[in-house]
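Fold and contact review
Chain residues, written in single-letter form:
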Amino acid sequence: MLEVVLVSIALALVFGWNNSSIAVGALTGVRLLTYRRASLLVASAMLLGVVAEGWKMKPSLLLSGAPSGEAAATALAVSTALMLGANIAAIPVSLSNIATAAYVGAAYSAGQQISIDFLTRVIVAWVAAPLIVLAATSLLYGAVRRLARNVSLATMDAFNRLSVYAVVFYVSYALAANNVSFILALAREAGAYSGLLPLALALACSLGVMLVGRGIMGVMAESLVILSPQKLLTGLFTAATMLWLFTQLSIPVALTQNMLGGFLGAALTTRIALVKAATLRKLIASWTLTTLAGLALAYAYALLL
Amino acid sequence: MVVVCLGVWAVRWPFSLLKRREEELVERLLKQWEMSAETVRRFKELCSAVRGGSHEEVDKLCGEVDRLETEVDEARRRIAEDICAGSFFAYLRDDLLNLVEKLDSIADSAKVAAKILRDLPRESALVKKIFNEQEMERYAQLCLDSVSALGDALVELVRHGSGAVKLAHKVEEYEEAADAMKEALLRKILQDAESHPILDVIQLKDFVNQADNICDAAEDASDVILQIVAKGYS
């Protein structure tokens, strides 16, 4: 059990590191908050997300039979290794994709029955969610633009400032409620029942956020598309809302992929959209390959065990 | 009805508190523009004084340009300090610093041009000839027009925003017209340059180029306005 707790804490830490630029980029990058205060804001939102909605994530829905502790433990180990490797190599990856694929791979290798119905729902969600976010962001940004049409510079800036705090809090909350809670659910399935585990995971994830790293948001907002603050915030807000909605359905989804949809949706609202196709291809290839790697590694690992 | 009013107030009150420092800074930015525009206005009066006024009047106006430029410089320093220290205008920090710098450049160019003007030998035939040309009068007016148009664009940006782009383009138009006028003036200065003292030619040429920097700085400032609009602030 201790090993499971340690691995899940390590995964939460690595996951936080992977997403650290939510705080770094959005708040400290433009010096809206000091690094310590930004980290505190993100940490409190994550803790709230795990505590309030953490129970909604259930990896066992991917199986037709009883929950598999071994598959959950394997998924945790493989996800940690892959996420760590990707972070060191600065490759954008998705925890929800890797962990789900690893869980399915390990369970299948152990002879467990996979719930094709739920797995199909998860895959459809992965593909459809960014497209829905793309469309929703376009609509929402249109409304924001109309509202901001005759607003003074000072009001617009104050609105942006407030929005950044609120959106960063909301994104952190939704991220923890879906992704960190998925780690928690895997750990629980693998036999870690400590009541302090949600707190430990939220803190580990926050600690990961505090580790300086240039993550996926930096890649998307600066390298993939050139966005104004309002577009960036609208994209992030819609992505977080999609994450929260899928949390209600117990489906793990990636914030990064929804952010991609959000940022593209925001970028496409203007006639000249600055989208770098090469970066987009690299992102999609990286997500697909790391998901397949998670599946294959977990399958092989479970076979060896 | 009372509940609705209270609700609106409850939303607006903290918001108005939050944007208080932004509004203060915006007002000071507009004040800095006003001072820059006043510097150019005095500079234009100086050009007229060179044509027909006394030495005392020229000296007095030059002193006023100098004093106003110092005030603009001081305003730039204070605004820049505030922008760097606060957490407001987080996404526009670089643009606003650039904008105050350009507003300062307007006054700075006016001051340098005014000093050249003060030192011009007013008895010189070339100086008399050039300053009696209609183009010189028009040139000084275009400098003032470009700065005034910049002010309109700035006010539009900070108060409403929707027409700032159109007004910023107006600054560009004035700058182009001033450029054409500068070329015409330079041609006239150099037309029979060999028949005039070379120092007069050089000083006049310097003056015309320096005055052109006023319009260039105004155009650069209008480019910053366009950048701010492009960032979604309009």
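Attention in this report is confined to the structure presented alongside it. (Residues numbered from 1 in each chain as written. Chains lettered and ligands numbered in written order. Predicted model: local features only at pLDDT ≥ 70, side-chain atom pairs only at ≥ 80, totals over all residues. Heavy atoms only, no water.)

What to know about the overall build of chain A
Counting secondary structure elements, chain A contains twelve helices and zero strands. Along chain A, from the amino end to the carboxyl end, the secondary structure elements read α-α-α-α-α-α-α-α-α-α-α-α. Across the 305 residues of chain A, 57% fall into the buried class. Here the analysis covers contacts within chain A between residues at least 6 apart in sequence; of these, 87% occur between residues at least 24 apart. Accessible surface for chain A amounts to roughly 12,400 Å². Of this, 71% is attributable to carbon and sulfur atoms. (Helix = DSSP H or I, 4+ residues; strand = E, 2+ residues; numbered from the N terminus. Buried < 20%, exposed > 50% of the residue type's maximum accessible area, 1.4 Å probe, protein only. Contact = heavy atoms within 4.5 Å. Areas by Shrake-Rupley, 256 points an atom, 1.4 Å probe, with all protein chains shown as cover.)

A closer look at the overall build of chain B
Within chain B, the secondary structure is distributed over eight helices and zero strands. The secondary structure elements of chain B, listed N-terminal to C-terminal, are α-α-α-α-α-α-α-α. Each principal axis of the C-alpha distribution contributes one length, and for chain B these read about 80 × 30 × 30 Å. Relative to its 234 residues, chain B shows a buried fraction of 50%. Contacts in chain B between residues far apart in sequence, at least 24 positions, make up 82% of those at least 6 positions apart. For chain B, the computed accessible surface area is about 10,900 Å², with 53% contributed by carbon and sulfur atoms. In chain B, which carries 32 positive and 46 negative side-chain charges, the distance between the mean positions of the two groups comes to 4 Å. (Lys, Arg positive; Asp, Glu negative; His and termini not counted. Charge placed at Lys NZ, Arg CZ, Asp CG, Glu CD.)

Here we look at a nonpolar patch on the surface
Together, Met1(B), Val2(B), Leu6(B) and Trp9(B) make up a nonpolar patch on the protein surface, roughly 530 Å² of accessible area in all. Inspection of the secondary structure assignment puts Trp9(B) in helix α1 (residues 2-18). (Patch = residues over 30% accessible without salt bridge, like charges linked within 9 Å, V, L, I, M, F, W, Y side chains within 5 Å. Salt bridge = Lys/Arg side-chain N within 4 Å of Asp/Glu carboxyl O.)

Observations concerning the nonpolar core
Phe43(B), Phe131(B) and Phe207(B) are the most contacted members of the largest nonpolar core, which has 150 residues in total. Per element, the largest residue contribution to this core is 16 residues, and it comes from helix α7 (residues 153-189) of chain A. Not counting residues up to four positions away in its chain, the partners in contact with Phe131(B) are Cys47(B), Val50(B), Arg51(B), Leu117(B), Leu120(B), Met136(B), Leu204(B) and Phe207(B). (Core = buried A, V, L, I, M, F, W, Y, C linked by side-chain atoms within 4.5 Å.)

Brief notes about empty space enclosed by the protein
Any empty space left between atoms is shown by rolling a water-sized probe over those atoms. Residue and element names in this part refer to chain A. In this structure the tally under the stated criterion is three cavities of 30 Å³ or more. The computed volume of the largest cavity comes to approximately 60 Å³. Considering the residues around the largest cavity, the lining is formed by Phe15, Asn18, Asn19, Met83, Val93, Ser94, Leu95, Leu175, Asn179, Ala254, Leu255 and Thr256. Among the secondary structure elements, those contributing two or more residues to the lining of the largest cavity are α1 (2-18), α7 and α11 (255-267). (1 Å grid on protein atoms, 1.4 Å probe; cavity = no way out; pocket = protein on both sides within 12 Å on 5 of 7 lines; lining within 4 Å. Points joined across faces, edges and corners; volume = space filled by probe spheres on them.)

Re the layout of surface pockets
Residue and element names in this part refer to chain A. Of the volumes computed, that of the second largest pocket is approximately 560 Å³. Lining the second largest pocket are 21 residues, with Asn97, Trp126, Val127, Gln257 and Thr288 positioned closest to its centre. Secondary-structure elements contributing two or more residues to the lining of the second largest pocket are α5 (95-109), α6 (116-147), α11 and α12 (277-304). Ranked by the residues each element gives to the lining of the second largest pocket, the list is headed by α6, at seven residues. Looking at side-chain class alone, the lining of the second largest pocket contains 15 nonpolar, six polar and no charged residues. (Nonpolar A, V, L, I, M, F, W, Y, C, P; charged D, E, K, R; others polar.)

Brief notes about unusual backbone geometry
Positive phi is not limited to glycine here, since Ser250(A) has a value of about 60 degrees. Within the fold, Ser250(A) resides in the loop between α10 (229-248) and α11.

Examining the packing of α6(A) against α10(A)
In a pair of packed helices, the angle between the axes and the distance between the axes together describe the arrangement. Residue and element names in this part refer to chain A. For the pair α6 and α10, the least separation of the axes is 9 Å and the interaxial angle reads 135 degrees. Our classification of the angle between α6 and α10 gives oblique. Judged by the sense of rotation from one axis to the other, the crossing of α6 with α10 is right-handed. On α10, the residues that touch Ala125, Ala129, Ile132, Val133, Ala136, Thr137, Leu140, Tyr141 and Val144 of α6 are Gln230, Lys231, Thr234, Gly235, Phe237, Thr238, Ala239, Met242 and Phe246. (Axes fitted to C-alpha atoms, helices over the stretch in contact; angles between N-to-C directions. Parallel < 35°, antiparallel > 145°, perpendicular 65-115°, else oblique. Left-handed = near helix turned anticlockwise from the far one by under 90°.)

Section: the packing of aromatic side chains
Think of a pair of aromatic rings as described by two things: how far the centres are apart, and how the planes are tilted against each other in angle. Scanning all chains against the criterion turns up four aromatic pairs over all chains. For the pair Tyr170(A) and Phe237(A), a centre-to-centre distance of 5.4 Å together with 40 degrees between the ring planes defines the contact as tilted. In this pair, Tyr170(A) sits in helix α7 while Phe237(A) sits in helix α10, placing the two residues 67 residues apart along the sequence. The partly exposed category is assigned to Phe237(A), whose relative accessible area is 36%. In textbook terms, an aromatic cluster arises when at least three aromatic residues are bridged by ring pairs, as seen for Phe43(B), Phe131(B) and Phe207(B). (Phe/Tyr/Trp six-rings, centres within 6.5 Å; stacked < 30°, edge-to-face > 60°.)

Considering the interface of chain B and chain A
The figure often quoted for interface size is the accessible area lost as the parts come together. Contacts between chain B and chain A engage 23 residues on the former and 22 residues on the latter. Across the pair Arg161(A) and Glu22(B) runs a salt bridge whose closest N-O atoms are separated by 3.1 Å. Counting every contact that joins chain B to chain A gives two residue pairs in polar contact (both at pLDDT 80 or more). For the side of chain B that touches chain A, the secondary-structure elements that each account for two or more residues are α1, α2 (20-52) and α6 (134-159) of chain B. Taken together, the residues of the side of chain B that touches chain A sort by class into 13 nonpolar, four polar and six charged. (Polar contact = N/O pair within 3.5 Å; in protein donor to acceptor, adjacent residues only side chain to side chain.)

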